Amino acid sequence: MNFFDSLTARVRQIDSLLCIGLDPRADSAAAARDDCLRIIEATAPFAAAFKPNAAFFEALGPEGWAALREVIARVPPGIPVILDAKRGDIAGTAEAYARSAFDELGAQAITASPY
């Protein structure tokens, strides 16, 4: 199922357009992960999608990337994940960003900068 079909199905299932932003402002990857997992657990019944912000995880180094991967993996099945990464670049770089977001992190969609 493609992203839009998945999102449409979820919206119809819960009758909500609520997208939950996951923007952890934490001093460690473990704290960022734990904050997001608490939010996911508390809001999953109401969420049409979750949108983790890559910048807050990237700033925490390799451990932050691992935490982001775990956060995405812990979103319940059937709830789409939009990676807020605002990526935009030439073709080869854009392809690398896409592989990172979709193949490595498991996101279903990504934000992009039009500039």
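Everything that follows concerns the structure shown earlier in this document.
*Asks:* How do you make sense of the packing of aromatic side chains when you look at a structure like this?
*Replies:* How two aromatic rings sit relative to each other is given by the distance of their centres and the angle of their planes. Scanning all chains against the criterion turns up one aromatic pair. Here the aromatic rings of phenylalanine 3 and phenylalanine 4 are separated by 5.1 Å at their centres, their planes lie at 75 degrees, and the arrangement is edge-to-face. Residue phenylalanine 3 is classed as buried on the basis of its relative accessible area, which comes to 15%. Taking the relative accessible area as the measure of exposure, phenylalanine 4 reaches 60% and is therefore exposed.

*Asks:* What should I look at first to understand the pairing of strand β4 (residues 109–112) in this one?
*Replies:* Successive side chains on a regular strand alternate, one facing one side of the sheet and the next facing the other. Examined bridge by bridge, strand β3 (residues 82–87) and β4 share three bridges and lie parallel to one another. Directly across from isoleucine 82, in β4, lies its bridge partner alanine 109. Following the backbone out of β3, through helix α5 (residues 91–104) and into the adjacent parallel β4, one traces a crossover that is right-handed.

*Asks:* Is there a simple way to explain unusual backbone geometry in this structure?
*Replies:* Peptide bonds are mostly trans, and most non-glycine residues show a negative phi. Phi is positive for aspartate 15, close to 55 degrees, though the residue is something other than glycine. Of note, aspartate 15 is situated in the loop between α1 (3–14) and β1 (19–22).

Definitions and cut-offs
- Positions within a chain are numbered from 1, following the residues in the order the chain's sequence is written.
- With pLDDT at 70 or above as the cut-off, local features in this predicted model cover only qualifying residues; side-chain atom pairs require 80 or more to be listed or tallied, and sums for whole chains, interfaces and linings still use all residues.
- Computation of side-chain values covers all heavy atoms of the structure but excludes hydrogens and water.
- Stacked, tilted and edge-to-face pairs are distinguished by plane angle, under 30 degrees for stacked and over 60 for edge-to-face with tilted covering the rest, among Phe, Tyr and Trp rings (Trp via its six-membered ring) whose centres lie within 6.5 Å.
- Throughout this description, buried means an accessible area under 20% of the type-specific maximum (1.4 Å probe, protein chains only), exposed means over 50%, and partly exposed covers the range between.
- For two strands to pair, DSSP has to find at least two bridges joining them.
- Each helix is a run of DSSP H or I of at least 4 residues and each strand a run of E of at least 2, with the numbering of both proceeding from the N terminus.
- With the strands aimed away from the viewer, a crossover counts as right-handed if its path from the first strand over the helix to the second runs clockwise.

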